Every structure is written in structure tokens, then in C-alpha cells.
Amino acid sequence: MKAMLLRQIAPIDSSPLAFAEVPSPEPGPGEVRIAVSCCAICRTDLHVIEGDLPQPNLPLVPGHQIVGRVDALGPGCARLRVGQRIGVAWLRGTCGQCPDCAAGRENLCESARFTGYHADGGYAEQAVVAEEFAYPIPDAFSDVEAAPLLCAGIIGYRALRRSRLPPGGKLALYGFGSSAHVVIQLALARGCEVFVVTRGERHRRLARAMGAAWVGERAADMPDKVHSAIIFAPAGELVPPAMEMLRQGGTLALAGIHMTPIPAMDYQRTLFYERDLRSVTCNTRDDGRELLAEAAAIPIRPHTTLYPLADANRALRDLKHDRIAGTGVLVLDS
């Protein structure tokens, strides 16, 4: 099969992904194989490729927002069927036995494994996944519309939950990439008001078009303090000003898997009055199922930019340099 293969950690500007022929994967016990239709790109892919995360085993096929149809079943599969449309997300396996798994916090399992990091992902014509970690895709979405929901959407959904946004409350979003443009649709559908802080004019135009009440480049310029906030940009320097713009009892959620160092903060200005700072780690399968159901009911419509699979390096460069409004999606020939 054809795949984009990472053989060496390197900056994306050096085009480290190679278009290659690799053996088709065979599903093991409890696994299904998916014929990939498309795979959305993600900033986490950049962190893997450029070495911001601990180095994976190489060579590796990246990608973890996969949509396609089941084309083979491994021994013991009973939940999915050949031809069924499914999605594959970042979380691909947990131990199922540790205290965190038992308590419904499988996102914190120390034995968790991730798609396109611990195992080959979706920048390829085929991929395998445990059927218990695959998501049936609602009919409300095309393949391309569904792909961004499988990480950008799921992580955005968990970040929104972690931010404890009250009904009808005010929410600030820092950065307006793939996750944020899904979260704004969730928040607006819940009757909330959204402020967006982002440096790129392309992103500011999209935020305005999608219904943000205020859009600007600096937190200090927001017209009011907010109940909740989410930082999507991997920039630790945004944390102190974001905390200062929270109301008393407000919550800031950090949605990234990687972030630059957070500067020292003045306690009285940023944390006092029971303002909370919370991180987001991966997601549970319940997050994924709940997000897909809510997104289908709204329905959410991701903004996408399409690239052929062979142009994955270019797509990721565009992502890194903020040239994509919404989500980039790699599409395969039918």
C-alpha cells in the first residue's frame, strides 16, 4: 500500500515524510482494518515528526484522525462489520485494569497507546485498530467533515468540559485553529458568547464569520472578563494574561499536548479568587462518542482544506505556518 513514512525526526520544513510503498497491515485478534478515505492533520502530528514528544519507534506512519470503511476483520471481532464506516482517533488502547481505567479516566492510563505515535496511523491507504477503539461515524457527516472531529473535535470537547463553561456564559478561545473552530460551534449552540484571541488575520476573519462576539490579538483588549477560557496555541506565555481575564471562580483549560514554558505568575492578579488552571490529557472513548452525537445534532460543519496524501509535507508546513483556516485533510484516491 502507499503511505507517507517518517524515517527520521526532522523539521517539517525539510519534508521528512517519504511517499513509499509499504506492506498492508493485517488485523490481529480483536482488530479491524480500515480502508482509509481521508485523514485530518493535527499539530500533534507536528510534535511527533519534529521531536517535541519523546521519540517514537521509527519508521512510522503518522496520522490519527482517520475515516474510512472496514475492509477486514481480525479473529474475535463481533461489534463491527465489513463495509461499515468508522473513525480512528489518537487514543488506540489502554490496559483496562488500572485504577484510572476502572474509574473512567482511561485517558490517564499509564499504559495508553496512541495512533500515529505508538503504532502506524492514517497517512496511508490502510490502517488497523482495535474494534473497541473505533467510532461509528454518524450519517450527518461526510468523510471529510468527520475527520477533524476525531481529534480536534474530541480534544476541543474535553477542553470545553474541563473549562467548566456555565450555560449562557462567556468563553475565551486563545488560538483559532482546528479545535477552536469546532469548539466555537459547540459553545454557540449552547447559547454562550465567545471571544477569540488570535494573531493571524486569516483566523480572525474565520472567527468573525463563525459568530464570535469579539475577535482581537490581545487578551487585555477583550470587552469583558470571561467565565471560562481555553488555550489551544502551544504558547505558555499566554497563560498569565488569560488567567487575568477570568472572572472570579473562572477556569482556564490548556488543551495542548505540548506547550512552551509558562512564565511566573502573580498570585493576586492571576490565581486568587478561586480561579482554576486545568490541563487536558488526551480523551476517553466516552468523550469521543458524546462529541460525535452532539456534533451530529447541531450539526457541526468543520471548515476544511484538502490535500492529496502525497502532499502531507506541504499540508503540515501550511499548518505550522498558520496558512490553514480550519483543518487540513489528506484525501486518498477513491
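One can find the structure itself at the top, above this paragraph.
How each quantity is defined
- Residues numbered from 1 in each chain as written.
- Predicted model: local features only at pLDDT ≥ 70, side-chain atom pairs only at ≥ 80, totals over all residues.
- Heavy atoms only, no water.
- Phe/Tyr/Trp six-rings, centres within 6.5 Å; stacked < 30°, edge-to-face > 60°.
- Helix = DSSP H or I, 4+ residues; strand = E, 2+ residues; numbered from the N terminus.
- Buried < 20%, exposed > 50% of the residue type's maximum accessible area, 1.4 Å probe, protein only.
- Lys NZ or Arg CZ within 6 Å of the ring centre and 35° of its normal.
- Salt bridge = Lys/Arg side-chain N within 4 Å of Asp/Glu carboxyl O.

## Regarding the packing of aromatic side chains
Tallied over the full model, the rule gives 5 aromatic pairs. A centroid spacing of 5.8 Å and a plane angle of 20 degrees characterise the contact between W90 and Y117, whose relative ring orientation is stacked. Here W90, found in the loop between β5 (85-88) and β6 (91-93), pairs with Y117, found in the loop between β7 (113-114) and β8 (126-130); they are 27 residues apart in sequence, far enough to count as distant. No difference in accessibility class separates W90 from Y117, as the two residues are buried. Of the aromatic side chains, those joined through ring pairs into one cluster are W90, F114 and Y117. The residue whose ring lies beneath R285 is F133, and the NZ or CZ to ring-centre distance is 3.8 Å.

## Describing the pattern of salt bridges
This structure, assessed with the given rule, holds 28 salt bridges. With a closest N to O distance of 2.8 Å, R85 and D143 form a salt bridge. Pair noted here: R85 is in strand β5 and D143 is in helix α3 (residues 143-146), with a separation of 58 residues, a long-range link. Judged by relative accessible area, which is 12%, R85 ranks as buried. When the shortest N-O distance is used, the salt bridge between D224 and K170 registers 3.8 Å.

## Details of unusual backbone geometry
Cis geometry marks the peptide bond from L58 to P59; its omega dihedral reads 0 degrees. Looking at the secondary structure, you find P59 in the loop between α1 (43-50) and β4 (66-73). Omega for the bond connecting I298 with P299 falls within 30 degrees of zero, at -15 degrees, which places this linkage in the cis form. The residue P299 is located in the loop between α9 (285-297) and β16 (304-308) in this model. Despite not being glycine, Y273 shows a phi value in the positive range, around 65 degrees. With respect to the helices, strands and loops of the structure, Y273 is situated in the loop between α8 (267-270) and β15 (276-279). Given the relative accessible area of 43%, Y273 is considered partly exposed. Phi angles above zero are rare outside glycine, and E274 is one such case at about 55 degrees. With respect to the helices and strands, the residue E274 is situated in the loop between α8 and β15.

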